[in-house]
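Given next are the chains, with one letter for each unit.
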Amino acid sequence: DVGCLATLTPEQFADGCGEVVKHAVIADPELFAELEKTPLTLELLNRDVARVALIIARNIDIKRAVVVADECETNQRKLLNFGHSAGHAVEACENFELGHGNCVSIGMGIITRAAALHGICDAELPARIEELCARHGLKTRCELSADAVFAEALHDKKRAGDTIDLVIPHDIGRCSIDRTPLSTFHELIAEGLGQKGDAFAC
Ligand SMILES: [Zn+2]
């Protein structure tokens, strides 16, 4: 019942859109381009409920395809974690007062800016993702220190010993799952937050 979305506050609706943008980045360049033209908003819901229903169906398809691929032990399910390793840490740092979608959006911003600094993705990609998030009412930046975010990231359930599996964006629709040393993750967070040059004590 897509109509029930109309009962959400704009903030709650935007939080859901954080996952929609994430799905577009990991799996669907066409959806990304469509959202760039027409963002998914409460206003669109009022104007064109059929279009909103189509976008939601597309998102369910993306999630299903990723999960089904995972049954063949391809590990693809971890792609759904894009923006979440840093995002969950931001959520904890914000005492869970900032919505999940906003935190994921900040996490996507952090990891994409760091990827661009390393030449893994196009230099324009962070701005493209940030712009799309902004058009959905989502933040992609925060004032937290890299050390504080990293300290929370150590509690991440995706962490395995001294490494963590990070989803790294190469392009829209093309992400990799990279087993990353925690010390490198700390540096990536600092780079993504524009705090490169800090001491990396870990
Ligand atoms: Zn999420």
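Here the structure is a predicted model, which is why all the values come from computation and not from measurement.

Q: Whenever I open this one, the nonpolar core confuses me. Can you help?
A: Note that soluble globular proteins tend to have their nonpolar side chains buried in a common cluster. In this structure, V25, L35, L40 and F185 are the most contacted members of the largest nonpolar core, which totals 57 residues. Sequence-distant contacts of L40, defined by excluding residues within four places in its chain, comprise F13, C17, V20, L35, V52, I55 and H136.

Q: For this particular structure, what's the right way to read the environment of I56?
A: For I56, the location among the structural elements is in helix α4 (residues 49-71). Judged by relative accessible area, I56 falls into the partly exposed class, the value being 29%. Sequence spacing of I56 and V2 is 54 residues, and the spatial spacing of their C-alpha atoms is 8.6 Å. Every residue in contact with I56, bar those within four places of it in the chain, is listed here: V2 and L5.

Q: How should I be thinking about unusual backbone geometry in this particular structure?
A: One can expect most non-glycine residues to show negative phi and most peptide bonds to be in trans. Backbone geometry places N95, a non-glycine residue, at a positive phi of 55°. For N95, the position within the fold is in the loop between α5 (84-93) and α6 (100-117).

Q: I'm lost on the sheet that holds strand β3 (residues 174-181) in this one. Help?
A: The pairing of strands in a sheet happens through backbone hydrogen bonds and is either parallel or antiparallel. Taken in spatial order, the three strands of this open sheet run β1-β2-β3, and their pairing is antiparallel. Edge positions in the open sheet fall to β1 (159-160) and β3, since each of these has one partner strand only.

Q: Would you mind going over the coordination of the zinc ion with me for this structure?
A: Tetrahedral coordination by four donors places them ideally at 109.5 degrees to one another around the metal; octahedral coordination by six donors ideally gives 90 or 180 degrees. Protein coordination at the zinc ion: the donors are E19 (OE), H84 (NE2) and H100 (NE2), at 1.9 to 2.0 Å from the metal. Spacing between the donor residues of the zinc ion along their common chain follows E-x64-H-x15-H. Residue H84 is found in helix α5, and its partner H100 is found in helix α6; the two are separated by 16 residues along the sequence. Overall, H100 belongs to the partly exposed group, its relative accessible area being 28%.

Q: What's the story with the environment of P39 in this structure? I'm lost.
A: Tracing the backbone through its elements, the reader meets P39 in the loop between α2 (29-37) and α3 (42-47). Remark: the alpha-carbon pair of P39 and R135, spanning 96 residues in sequence, is separated by 6.5 Å. Here P39 is in contact with L44, R135 and H136, once residues within four sequence places are set aside.

Q: Where do I start with the pattern of salt bridges in this structure?
A: Two side chains of opposite charge can pair, provided their charged atoms sit close to one another. By the definition in use, this model includes twelve salt bridges. Residue E19 pairs with K22 through a salt bridge whose shortest N-O separation is 2.9 Å. Here the residue E19 and the residue K22 both occupy positions in helix α1 (residues 10-27), the gap between them amounting to three residues, near one helical turn. An identical accessibility class is assigned to E19 and K22; each is buried. Between E43 and R47 there is a salt bridge, with the nearest N and O atoms lying 2.7 Å from each other. Of the two residues, E43 and R47 are both situated in helix α3; the distance of four residues between them amounts to about one turn of the helix. Owing to a relative accessible area of 53%, R47 belongs among the exposed residues under this scheme.

Definitions and cut-offs
Residues numbered from 1 in each chain as written. Predicted model: local features only at pLDDT ≥ 70, side-chain atom pairs only at ≥ 80, totals over all residues. Heavy atoms only, no water. Core = buried A, V, L, I, M, F, W, Y, C linked by side-chain atoms within 4.5 Å. Buried < 20%, exposed > 50% of the residue type's maximum accessible area, 1.4 Å probe, protein only. Contact = heavy atoms within 4.5 Å. Helix = DSSP H or I, 4+ residues; strand = E, 2+ residues; numbered from the N terminus. Pairing = 2+ DSSP bridges. Donors = N, O, S within 2.8 Å, 3.2 Å for Na, K, Ca; no water. Salt bridge = Lys/Arg side-chain N within 4 Å of Asp/Glu carboxyl O.

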